[in-house]
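Commentary on secondary and tertiary structure
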Amino acid sequence: MLSGKKILLGVTGSIAAYKAVFLIRLLVKAGAEVKVIMTPSAKDFVSPLTFSTLSKNEVLIDLFNETSWANHVILGRWADVMLIAPLSCNTLAKMAGGHCDNLLLAIYLSSTAPVMCVPAMDEDMWSHPSTQLNLNKIKSFGNTIIPVGNGELASGLYGEGRMAEPEQILQHLQDFFLNSKELTGRKILVTAGPTHEAIDPVRFIGNRSSGKMGIAIAEEFSRRGGEVTLILGPSQIEVGKNIHIINVTSAQEMYEACLNNFTGADITVMAAAVADYMPHDFSTKKIKKSEDIFMLELKRTNDILKKLGEQKNKDQIIVGFALETDNEKENALSKLKNKNIDLIVLNSLNDEGAGFGTDTNKVSIFDKHRNELYFDTKSKKLIAKDIVNTIMQHKNV
Ligand code: CTP
């Protein structure tokens, strides 16, 4: 979830600085790139060597030495998030007052990245009106405060002021990135639902797709700020707002709508269960029953995904679906290759809780290098998050 995210970790002088050691390990394990800045007094609690070894980056402490000057503006712009953990009472007061007597504060004042703070102090300091005033002040600047815990404090007393645990901080960061509108300005095209191929005015050939999976994917993209166009076959499922819906019935209508909306789409996800065949002739009048055996001639529909794969440019990402009953992996991989797409989501009809109509799904996602990401059975909404996360990590969208 934090893959490729750039975290600038500010460590201030507090007994709780040891928690920053565990925090860096968690962040790096989650795929984040971490750079550490310490206040001079933080060195009294944890050695910079520990932080540089764990983060695999040089630790910066001073604004300048005899020969060089740390470019605080560049560092502040490099970060996706500036995380100050632990935040001491002293640094908090300086942040609230706009002081700038060390590198961490210079970066704080010049950073364009969102700032998250994890305070750590004794209960009496925490509840002092000046601390609370300073907290409210930095909140009014737009900084986020991760709540302190209640428990044993460095003084030996019990109470409020304990620094949040590294796992809790990680969770806050993950939620932050999930809720941030990281897809703002991106155009997303999603198809969902079945198609109905008309035989005559009252009959059609269809399939059991409900549209749930594709709609959940469209909603997840939209929640992350994407500009989503959903091309939707006949479906009873309600779609969230802010999604541009194009209703279609047949594979041919879906084909035309897809071609009309593909140019400019950064990401395309073909979750629709498109009919592979349609009646060769459409009868404008209702067909009356006659012989015991009735032959219906079918012809191939256009393969939409294949067509989009032929047209795609190097910046566009296309994701297809494969619903298989046998030889699942090889069939999915050959679709990925033949249709020239980037990722394929496989669901097997052999798996319980997967496929059409259910509220849950169980999928594997393959890329061009045959790498497989496997996800356990879960709700289609949660699978939609997994699929969108995987797409975002692919090529670092
Ligand atoms: N698809 C499409 N146009 C079609 C048929 C399928 O765009 N006419 C897309 C589906 O939306 C899905 C992917 O192709 O993303 C795989 O569809 P599937 O029916 O499983 O595979 P097919 O290529 O049709 O092959 P087969 O039916 O032989 O399994």
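Look a little higher up for the structure.
So, here's what we can say about the structure. Only a predicted model underlies this, so the values are computations on that prediction, with no experimental measurement involved.

Conventions and cut-offs
Residues numbered from 1 in each chain as written. Predicted model: local features only at pLDDT ≥ 70, side-chain atom pairs only at ≥ 80, totals over all residues. Heavy atoms only, no water. Helix = DSSP H or I, 4+ residues; strand = E, 2+ residues; numbered from the N terminus. Rg over C-alpha atoms; globule rule 2.2 N^0.38 Å. Buried < 20%, exposed > 50% of the residue type's maximum accessible area, 1.4 Å probe, protein only. Contact = heavy atoms within 4.5 Å. Areas by Shrake-Rupley, 256 points an atom, 1.4 Å probe, with all protein chains shown as cover. Polar contact = N/O pair within 3.5 Å; in protein donor to acceptor, adjacent residues only side chain to side chain. Salt bridge = Lys/Arg side-chain N within 4 Å of Asp/Glu carboxyl O.

Across its full length, the protein chain carries 13 helices and 21 strands. The C-alpha radius of gyration computed for the protein chain amounts to 27 Å, which surpasses the reference 21 Å derived for 397 residues by more than 25%, pointing to a less compact arrangement than a globule. Taking the principal axes of the C-alpha coordinates as reference, the protein chain spans close to 95 × 45 × 35 Å. Counting every position in the protein chain, which comprises 397 residues, the buried fraction comes to 47%. Sequence separation of 24 or more characterises 67% of the internal contacts of the protein chain that already satisfy a separation of 6 or more. With an accessible surface of roughly 20000 Å², the protein chain has 50% of that area assigned to carbon and sulfur atoms.

Moving on: the side chain of Ser-88. Its place among the elements puts Ser-88 in the loop between β3 (81-87) and α4 (89-97). When its relative accessible area of 8% is taken as the criterion, Ser-88 is described as buried. From its side chain, Ser-88 meets the backbone nitrogen of Thr-91 in a polar contact 3.2 Å long. Among residues more than four places away in sequence, those in contact with Ser-88 are Thr-12, Gly-13, Ala-120 and Met-121.

Applying the stated rule across the entire model yields 19 salt bridges. One salt bridge connects Lys-94 with Asp-101, and the closest N-O pair in it is separated by 3.0 Å. On the accessibility criterion, Asp-101 (51% relative accessible area) is exposed. Lys-335 serves as the salt-bridge partner of Glu-324, at 2.4 Å between the closest nitrogen and oxygen. With a gap of eleven residues between them, Glu-324 in strand β16 (residues 317-324) and Lys-335 in helix α12 (residues 328-338) connect regions that are remote in the sequence. Here Glu-324 falls in the buried class, since its relative accessible area comes to 7%. Linked by salt bridges that have partners in common, Lys-5, Glu-182, Glu-220, Arg-223, Arg-224 and Lys-385 make up one network.

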